Amino acid sequence: MGVSEENSASVSPAHRLGATHPLALAPVISPPATVDGFVRQFLQNLNFDQGVALSDSSSTDQYLALAGTVRDYLMARWLDDQSRQRAQQSKGVCYLSAEYLLGRQLDNNLLASRLTDIATESLAKCGIDIDVLRQVEVEPGLGNGGLGRLAACFIDSLATMSVPSTGYGIRYEYGIFRQTFIDGQQVEQPDAWLALGSPWEFPHPEAAQQISFGGHTETYDDEDGVTRSRWIPAWHVQAVPYNYMVPGYHNGRVNTLRLWSAVASDAFDLRIFNSGDYEEAVRAQTFAENISKVLYPEDSTPQGKELRLQQQYFFVAASIGDFLDNVLPEGFDLSKLPDRVIFQLNDTHPVIAVPELMRVLVDERGIEWDAAWAITQQCFAYTCHTLLPEALEVWSVDLLGRLLPRHLEIIYRINDEFLLAVRERFGDDELRIRAMSIIGEHPYRSVRMAYLATVAGAKVNGVAELHSQLLREKVLPDFDEFFPGKFTNVTNGVTPRRFIRLANPDLASLITEALGAGWTVDLERLRGLEAFAADPEFRERFAAVKAHNKVRLASVLRERDGIEVGDGHMLDVMVKRLHEYKRQMLKVLHIVTQYEQVRSGEVAASDIIPRTFIFGAKAAPGYTMAKHIIHLVNAVGEVVNSDPVVEGRLKVLFPPNYNVTLAERVIPAADLSEQISLAGKEASGTGNMKFALNGALTIGTDDGANVEIRKLVGDDNFFLFGMSEPEVEALWAKGYQPTEYYQSDERLRRAMDLIASGAFSGGDRSVFEPIVSNLLYDDRFMVLADYSSYIEAQARVDEAYADQDTWSRSAILNIARSGFFSSDRSIRDYIERVWHTPPML
Ligand SMILES: *Cc1c(COP(=O)(O)O)cnc(C)c1O
């Protein structure tokens, strides 16, 4: 691997302007951090980069020029940090993730560089409202949900904590689809986030890495007569890096996120072009460029898609090549590699990096197998993100062997040696050997990527206490026994810069007023708010902030979707990917129960606590049941919102296209956070943390990080319901009989019957029949088993909400006690338990 020969000349350090050249030492000048300086730089960018006069410029021109100006301020730091990281002789982190759900960049980068006020004033001087420009930015949706957002929070924390690190990923031309509803059903539109230009990225085609695929392997004898293997690939693509600035918060650091884009390899095109087949040459180009064309809109079920494996190999091979060629000094002694880098594998998507590093070390750098394996085992660490067996990624040996024949050989050898060691330890226990093999045999021969990662990784971590425990006890117990000390926990976190400071500016001001500055980078300081929870005036001010956030949200939803939040309503929010394990259906049953009780006259509308239910959720396009559920939520909203019998006291809203931008508006306004997955199914959740930090109370099961949230905020400030994980296991083992719940609980029966009757589908009973029969006969996620407990917990919510002052106190205590959930703390845990990296020079 490595750069192609044509390219190597332009990136080789030997051909760079020598450091001794006088101009090489000239500092990059930042524009003066004054309004005048900013205005001048902005106008210059508008004129010279966008090629328009202020008087003729559109909002898009202005946004692009503004982004360019922010970039100009960050540039000196960025260039400085890049050479600093190259010069640093100590260990750094390469975070490998197929997804980064970044959200909008402008506000974050203004905040990080302390330019928000100057920019606002400068634009006002030019007659421009900065708020209008904020709306122009299309967020890069290069991720599906929690996993991609976690990667984005982590690179923010890495920069803010001055950890020498680079994020590596894929620059998908189309990110997660844009969701619209037609007749209440999800319709997917392509996400053309690059259409207006992408001012935050810097392409470097001259630094492309050549990535190979296909072909065959052969053995040969080298000069010393040693028999070696080599890969004769069939085709290549170029991986072009696009660099993004990742500014730390107020610390002057700017790290790099490097996303790879696929371009047809010159050599490949030329050969076809020479053959005179123009159409074929174009077809080849399209084929190559398909690799980074779209993000797979899958959250937790693997798709056996060849293209997806191509994407995975494409970005990790490029990233490893980049690190070895461009970050390490020339002539670096690779036996010292573990002193210089740890590759953190964000789930199994990048795990093909393991045989890739082995291939480079053994085949290309001539390192002997055992030595190479010893190096490799110290250079990787693996984060597991799931407990669902169907979400543990496997690749068929067939496909892998076709696409990456040498890698398959390497995987087989790793497995042979691993299983030998297992035999040595446990004897010829064939059942155990089969259970631990990296190669699975059923239903077809396949590579179990999680096992490969576990065998290769120096550390393996789960993402919440409960998840890590279940990982060790239920998912990988043999591995835990075989590799004592390898498994650890790092509970997820979220960045307080984006999810408090930017998303909830009024709360941020209130906190700063109470505690002073500094909490944004030391979130445990929120503890100081406990004292204020007892202060009636502070509670009132908190309530005013919450009320104002609701007004803000209401106006966003009105403008964006033409929908109305109920005035004075409790905001009850469930936003996350649509998946059966997350149990949006439980929420629907609660709503339908309330509605049915009013409709049947059992409860007077005037007796219900007014609530607006807000859903946000995308369903994977191929996930039929998830799409039925979306349809049902919309259908219930349609009926409930227009039925005079509820007197406007129940509203169901489902703004389409839930993304980071919408999350930033919805979460600060929420009163109640719905975290209602079946215990043992949600690895961690991070939405739950965002809500608690914004003063919403959680109604939740003992699942994922909910367990830790409840322990920290206290039972009085959390609405716990449902079976515990051991209870779930026991019920499943005994035989879950959903119809028993249906028959014995009248409220449940009436709610289910109302859905089945066609009341939400214009009398057509067939529309939601698949949902009803799934819940009654075929539900792995045991919605009906937790129904009564959930309804009772919701009654406790109503009761608590009736006393607004006490509610506010609980909300403030939620904030005060959730500082643990900063992603800065997660990164500190990774450094301590997994990476052992020193801070940057
Ligand atoms: C935080 C976040 C998620 C993850 O939510 P969970 O409730 O943890 O599943 C998904 N999507 C977006 C846009 C987010 O901001």
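Everything numeric here is computed off the predicted structure, so don't read it as measured data.

The rules we used
- Residues numbered from 1 in each chain as written.
- Predicted model: local features only at pLDDT ≥ 70, side-chain atom pairs only at ≥ 80, totals over all residues.
- Heavy atoms only, no water.
- Axes fitted to C-alpha atoms, helices over the stretch in contact; angles between N-to-C directions.
- Helix = DSSP H or I, 4+ residues; strand = E, 2+ residues; numbered from the N terminus.
- Parallel < 35°, antiparallel > 145°, perpendicular 65-115°, else oblique.
- Left-handed = near helix turned anticlockwise from the far one by under 90°.
- Contact = heavy atoms within 4.5 Å.
- Nonpolar A, V, L, I, M, F, W, Y, C, P; charged D, E, K, R; others polar.
- Phe/Tyr/Trp six-rings, centres within 6.5 Å; stacked < 30°, edge-to-face > 60°.
- Buried < 20%, exposed > 50% of the residue type's maximum accessible area, 1.4 Å probe, protein only.
- Lys NZ or Arg CZ within 6 Å of the ring centre and 35° of its normal.
- Pairing = 2+ DSSP bridges.
- Polar contact = N/O pair within 3.5 Å; in protein donor to acceptor, adjacent residues only side chain to side chain.
- Domains from an automatic or database assignment.
- pLDDT = per-residue confidence, 0-100.
- Near = heavy atom within 4 Å.
- Areas by Shrake-Rupley, 256 points an atom, 1.4 Å probe, with all protein chains shown as cover.

**Examining the packing of helix α20 (residues 505-515) against helix α22 (residues 536-561)**
So, step 1. At their nearest, the axes of α20 and α22 sit 9 Å apart, and the two run at 160° to each other. As the angle between them shows, α20 and α22 are arranged roughly antiparallel. α22 is crossed by α20, and the crossing has right-handed handedness. Here P505, D506, L507, L510, E513 and A514 of α20 come into contact with α22, specifically with F538, R541, F542, V545, H548 and R552.
So, step 2. Within the contact of α20 with α22, the residues separate by chemical class into 7 nonpolar, 1 polar and 4 charged.

**With respect to the packing of aromatic side chains**
So, step 1. Applying the stated criterion across every chain yields a total of 28 aromatic pairs.
So, step 2. Measuring from ring centre to ring centre gives 6.0 Å for Y95 and F154, while their planes differ by 80°; the resulting arrangement is edge-to-face. One end of the pair, Y95, is in strand β1 (residues 92-96); the other, F154, is in helix α7 (residues 146-160), with 59 residues separating them in the sequence. Here Y95 and F154 have matching classes, each one buried.
So, step 3. Measuring from centroid to centroid gives 5.2 Å for F820 and F821, while their planes differ by 85°, and the two rings are edge-to-face.
So, step 4. The exposure class of F820 is partly exposed, given its relative accessible area of 23%.
So, step 5. In this structure F821 comes out as buried when scored by relative accessible area, which is 0%.
So, step 6. Against the face of Y220 rests R230, its NZ or CZ located 3.9 Å from the ring centre.

**Let's talk about the pairing of strand β11 (residues 235-247)**
So, step 1. The buried fraction of β11 is high, at 12 of 13 residues.
So, step 2. As paired strands, strand β7 (residues 201-203) and β11 are joined by 3 bridges and run antiparallel to one another. Directly across from P203, in β11, lies its bridge partner Y242.
So, step 3. Across 5 bridges, the pairing between strand β8 (residues 209-213) and β11 is antiparallel. Bridge assignment links Q210 to a residue of β11, and that residue is Q238.
So, step 4. Connecting β11 to the antiparallel partner strand β12 (residues 254-264) that follows it, the hairpin turn spans 6 residues, and H250 within it adopts a positive phi of roughly 55°.

**Some points on the sheet that holds strand β22 (residues 650-653)**
So, step 1. The parallel open sheet is built from 6 strands, whose spatial order is β22-β21-β20-β23-β24-β25. Taken across any chain shown, the strands that pair with only one partner, and hence form the sheet edges, are β22 and β25 (718-720). Averaged over all pairs of adjacent strands, the angle between their axes in this sheet comes to 20°, without regard to strand direction.
So, step 2. Where strand β20 (residues 570-575) and strand β21 (residues 611-616) come together, 6 bridges link them in parallel fashion. Across the sheet, the residue bridging to L571 is T612, located in β21.

**Brief notes about the sheet that holds strand β16 (residues 439-440)**
So, step 1. If you trace the 3 strands from one edge of the open sheet to the other, you get β15-β17-β16, paired in antiparallel fashion. Every other strand in the sheet has two partners, leaving β15 (394-396) and β16 as the edge strands with one partner each.
So, step 2. Looking at chain direction, β15 and strand β17 (residues 446-448) are connected through 3 bridges and run antiparallel. Paired with S396 across the two strands is S446, which belongs to β17.

**Points about the side chain of R825**
So, step 1. For R825, the location among the structural elements is in helix α34 (residues 823-835).
So, step 2. A distance of 2.8 Å separates a polar side-chain atom of R825 from the backbone oxygen of T491.
So, step 3. Filtering out sequence-adjacent residues up to four positions away, R825 remains in contact with T491, N492 and F820.

**Quick notes on the domain arrangement of the chain**
So, step 1. When its domains are assigned, the chain resolves into domain 1 (1-88 + 109-138) and domain 2 (510-828).
So, step 2. Measuring from the centre of the C-alpha atoms in domain 1 to the corresponding centre in domain 2 gives 42 Å.

**A short note on the confidence of the model for the chain**
So, step 1. Mean pLDDT for the chain: 94, with 95% of residues reaching 70 or above.
So, step 2. Confidence drops under pLDDT 50 across residues 1-15; counting only partners more than four residues distant or on other chains, this segment forms 28 contacts.

**Describing the site of the ligand**
So, step 1. Around the ligand lies a shell of 13 residues, among which K576, K582, T686, G687 and K690 are the nearest.
So, step 2. Note that an oxygen atom of the ligand is positioned 2.7 Å from one of the side-chain N or O atoms of K576.
So, step 3. In the complex, the protein chains occlude 96% of the 390 Å² of accessible area that the ligand would expose alone.
So, step 4. Contributions of two or more residues to the shell around the ligand are made by α25 (660-666) and α26 (687-693).

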